[in-house]
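# Commentary on secondary and tertiary structure
Read off the chains here:
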Amino acid sequence: TENREVRMEYRKYSSEESSWYTIRPYAVKEFAKRWYVVAYCVERDALRVYGLDRMRSMTITDRTFVMPSGFDVDELFATSFGIYLPEGRGKTVLFRTTAAEAEYIRDLPLHGSQKEEGKEGGFVTFSLFVCPDRNLVMEFCKYGSRVEVLSPREVRDAVAQELAKAASIYGDGE
């Protein structure tokens with residue numbers, strides 16, 4: 001609320017070492033029961049997203065900053081699935097579900113852009129307008145055989161590859 005820079009020690013899951021960053025916090029965002037700060041990172045000269053649970057220490061500095069004019073966190077993530085900043089342009093992702101699963105997906109949409117496209121043969125087709133990423137692929141994987149991604153091909157293939165890897169772990173019957 002005071003638009004002050006924060007100096008923080010941060011450790012990524014992919015690293016054993018912590019790094020220090022100076023950030024200009026713009027917003028906080030929740031995804032999958034975790035909280036994140038959306039911030040401009042001075043050292044990286046870019047907008048970044050940091051998990052609050054991975055911040056090891058922080059100090060609020062005396063340096064202030066000016067919020068970017070018109071910054072809107074909801075608009076920023078409008079085509080994002082999860083917490084990754086959107087890369088590229090959004091795409092329409094079509095998927096179908098069993099009629100029973102559709103009830104759950106109607107009640108708790110996967111994304112704000114979700115639309116019901118139609119029903120046929122005991123299945124319901126939905127669409128999302130998102131920038132596909134790993135979070136989206138993993139979301140589809142969690143539904144197993146109850147959801148089938150129809151398009152685009154790269155999302156369908158990514159889900160199929162991830163599910164095939166999972167099936168291979170259990171494939172030997174031991």
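Attention in this report is confined to the structure presented alongside it.

Here is what the cut-offs are and how they apply
Residue positions are given per chain, counting from 1 as you read along its sequence in written order. Given that this is a predicted model, residues contribute local features only at a pLDDT of at least 70 and side-chain atom pairs are listed and counted only at 80 or more, while totals for whole chains, interfaces and linings are drawn from all residues. Excluding hydrogens and water, the side-chain figures rest on all heavy atoms present in the structure. The helix and strand labels rest on DSSP assignments: H or I over at least four residues marks a helix, E over at least two residues marks a strand, and numbering proceeds from the N terminus. Here a polar contact is recorded for every N or O atom pair within 3.5 Å, except that within protein the pair must consist of a potential hydrogen donor and a potential acceptor, and residues adjacent in sequence are included only if both atoms are side-chain atoms. Only heavy atoms matter for contacts: two residues are in contact if any of them lie within 4.5 Å across the pair. Burial here depends on accessible area, computed with a 1.4 Å probe over protein chains only, as a share of the maximum for the residue type. Under 20% is buried, over 50% is exposed, and the range in between is partly exposed. In short, DSSP must find at least two bridges between two strands for them to pair. Lines fitted to C-alpha atoms define the axes here, with helix axes fitted over just the stretch in contact, and angles between the N-to-C directions of these axes take values from 0 to 180 degrees. Two aromatic rings, drawn from Phe, Tyr or Trp (for Trp, its six-membered ring), form a pair once their centres lie within 6.5 Å of each other, and the interplanar angle then sorts them: stacked below 30 degrees, edge-to-face above 60, tilted otherwise. Criterion for a charge above a ring: Lys NZ or Arg CZ within 6 Å of the ring centre, and within 35 degrees of the ring normal.

## Concerning the side chain of Ser113
Mapped onto the secondary structure, Ser113 falls in the loop between α2 (99-107) and β7 (115-120). Separated by 2.8 Å, the side chain of Ser113 and the backbone nitrogen of Phe129 make a polar contact. Among residues more than four places away in sequence, those in contact with Ser113 are Ser127, Leu128, Phe129 and Val130.

## Focus on unusual backbone geometry
In this structure, Pro152 follows Ser151 across a cis peptide bond, with omega equal to 0°. Mapping Pro152 onto the fold places it in the loop between β9 (147-151) and α4 (153-170). For Ala32, which is not glycine, the phi dihedral falls at a positive 50°. If you trace the backbone, Ala32 turns up in the loop between β2 (19-31) and β3 (34-41). We classify Ala32 as exposed; its relative accessible area is 54%. A positive phi is found at Asp45, a non-glycine position, where the angle reads about 50°. Take Asp45: its relative accessible area is 57%, and that puts it in the exposed class.

## Overview of the sheet that holds β3
Taken in spatial order, the 5 strands line up as β4-β3-β2-β1-β5 in an open sheet, and their pairing is antiparallel. Because the sheet does not close on itself, it has two edges, and the strands there are β4 (46-51) and β5 (55-64). The mean inter-strand angle of the sheet, taken between neighbouring strand axes irrespective of direction, is 45°. Pairing of β2 with β3 involves 8 bridges; the strand directions are antiparallel. When the sheet's bridge partners are listed, Lys29 is paired in β3 with Tyr36.

## A look at the pairing of β2
Bridge analysis of strand β1 (residues 4-10) against β2 gives 5 bridges, and the strand direction is antiparallel. Residue Arg7 lies in a different strand from β2, and its bridge partner there is Thr22. Following β2, the chain reverses through 2 residues before pairing antiparallel with β3; Ala32 in that reversal takes a positive phi of roughly 50°.

## So, the packing of aromatic side chains
Scanning the entire structure with this criterion turns up 7 aromatic pairs. Between Tyr10 and Tyr50, the ring centres sit 5.0 Å apart and the planes meet at 80°, which makes this aromatic pair edge-to-face. Of this pair, Tyr10 sits in strand β1 while Tyr50 is found in strand β4, placing the two residues 40 residues apart along the sequence. For the residue pair Tyr10 and Tyr50, the accessibility class agrees, reading buried in each case. Aromatic ring contacts, followed pair by pair, group Tyr10, Tyr21 and Tyr50 into a single cluster. Over the ring of Phe77 we find Lys29; its NZ or CZ atom is 4.9 Å from the centre of that ring.

All quantities given are derived from atomic positions and should not be read as evidence of function.
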